[in-house]
Amino acid sequence: MIYNDQHLVATLQHLLEFLGTFAFAISGIRHAAAKHFDWFGGYVCGVAVAIGGGTIRDLMLGVTPFWMQNEEYLLCTGLALVFVILFHRLIHRLNNAWFVFDTLGLALFTLAGMQKTLAMGYPFWVAITMGCMTGVAGGVIRDVLLNNLPVIFRKEIYAMASVAGGCIYWLLYEIGVNLAITTIIAFLSVCIIRFLAVFYGVSLPTLTSEDEKK
């Protein structure tokens, strides 16, 4: 079906992973800057968030992690560091810049994770899981390094935006929509869900303990 064109899938997957790496690296470096890390510390944080989710995904799928096959992902993180250093004043004025880059990285890596999993012949429920893993695990590693509460454990919609985008991708795939159109719609869906949830303060219900009820 859609995945008969292996060259198109591979090209699109590579593009998504590269763009996702750049977006997530900037997000990670911005968080490190807020903690006053030095340049090397910022680079390490950027690498962790940029390749962490994809590394866990590839290990679970039994393949060599993507960044070990091509040095451009580490170089991409270096470019992100240079970008933040050169334009830190502009980025600082855009208080929500880190949020935008984080959301773009989430959407791009969700799709890259799904497409790689599907190309390997796994069913869709595995692809959605791996897409979510690719999108959110790097952020968890970043937050642990920075001693912050991981974003997926907060009330805001984050991982659920990734899952929702994965489900939309699956529905479009099932009805035979073109791969490029499917990717664009699913990408926009993740971004819009995340943006609207934060803008309107939408969140999942929180758990309460028996002690809190007394």
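Residues numbered from 1 in each chain as written. Predicted model: local features only at pLDDT ≥ 70, side-chain atom pairs only at ≥ 80, totals over all residues. Heavy atoms only, no water.

Colleague: Account for the overall build of the protein, with residues named and values stated.
Modeller: Check the secondary structure of the protein and you find nine helices and zero strands. Secondary structure of the protein in N-to-C order comes out as α-α-α-α-α-α-α-α-α. A fraction of 76% describes how many contacts in the protein between residues 6 or more apart in sequence connect residues 24 or more apart. As displayed, the protein has an accessible area near 11100 Å², and 69% of this comes from carbon and sulfur atoms. (Helix = DSSP H or I, 4+ residues; strand = E, 2+ residues; numbered from the N terminus. Contact = heavy atoms within 4.5 Å. Areas by Shrake-Rupley, 256 points an atom, 1.4 Å probe, with all protein chains shown as cover.)

Colleague: With reference to specific residues and values, describe helix α6 (residues 124-145).
Modeller: Helix length check: α6 (22 residues) gives 32 Å between terminal C-alpha atoms against 32 Å at 1.5 Å per residue, within 8%. At valine 136, α6 is bent by approximately 35°, the largest bend along its length. Just past α6, the residue asparagine 147 takes up positive phi, approximately 60°. (Expected span 1.5 Å × (residues − 1). Bend = angle between axes of the 7 residues up to and from the residue.)

Colleague: Please set out the pattern of salt bridges residue by residue, giving values where relevant.
Modeller: On inspection of all chains with the given rule, the structure shows four salt bridges. Across the pair aspartate 58 and arginine 57 runs a salt bridge whose closest N-O atoms are separated by 2.9 Å. For the pair shown, aspartate 58 and arginine 57 are each scored as buried. Among the salt bridges present, the one from aspartate 102 reaches arginine 142, with a minimum N-O distance of 3.2 Å. Of the two residues, aspartate 102 sits in helix α5 (residues 97-119) while arginine 142 sits in helix α6, which places them 40 residues apart along the sequence. For the pair aspartate 102 and arginine 142, a shared accessibility class is recorded, and that class is buried. Each of Arg57, Asp58 and Lys116 takes part in salt bridges that share partners, so that together they form one network. (Salt bridge = Lys/Arg side-chain N within 4 Å of Asp/Glu carboxyl O. Buried < 20%, exposed > 50% of the residue type's maximum accessible area, 1.4 Å probe, protein only.)

Colleague: Tell me about the packing of α6 against helix α7 (residues 159-174), and name the residues and values.
Modeller: As a packed pair, α6 and α7 sit with axes 9 Å apart at the nearest point and diverge in direction by 145°. Note on packing geometry: the crossing formed by α6 with α7 is right-handed. Touching Phe124, Ile128, Gly131, Cys132 and Val136 of α6 are Ala159, Ser162, Val163, Gly166, Cys167, Tyr169, Trp170 and Tyr173, all from α7. Split by residue class, the contact of α6 with α7 holds 10 nonpolar, three polar and no charged. (Axes fitted to C-alpha atoms, helices over the stretch in contact; angles between N-to-C directions. Left-handed = near helix turned anticlockwise from the far one by under 90°. Nonpolar A, V, L, I, M, F, W, Y, C, P; charged D, E, K, R; others polar.)

Colleague: Now, about the UniProt feature "transmembrane region" (unreviewed entry) in the protein: what can you tell me, with residues and values included?
Modeller: The UniProt record marks residues 12-33, 40-60, 72-91, 98-118, 124-145, 157-173 and 179-204 with the feature "transmembrane region" (unreviewed entry), using the residue numbering of this structure. Each end of residues 40-60 is marked by a C-alpha atom, and these two atoms are 29 Å apart; helix forms 100% of the span and strand 0%. As annotated, residues 157-173 comprises 88% helix and 0% strand, and the C-alpha atoms at either end are separated by 24 Å. (UniProt positions renumbered as here; feature names shortened; annotations may be inferred.)

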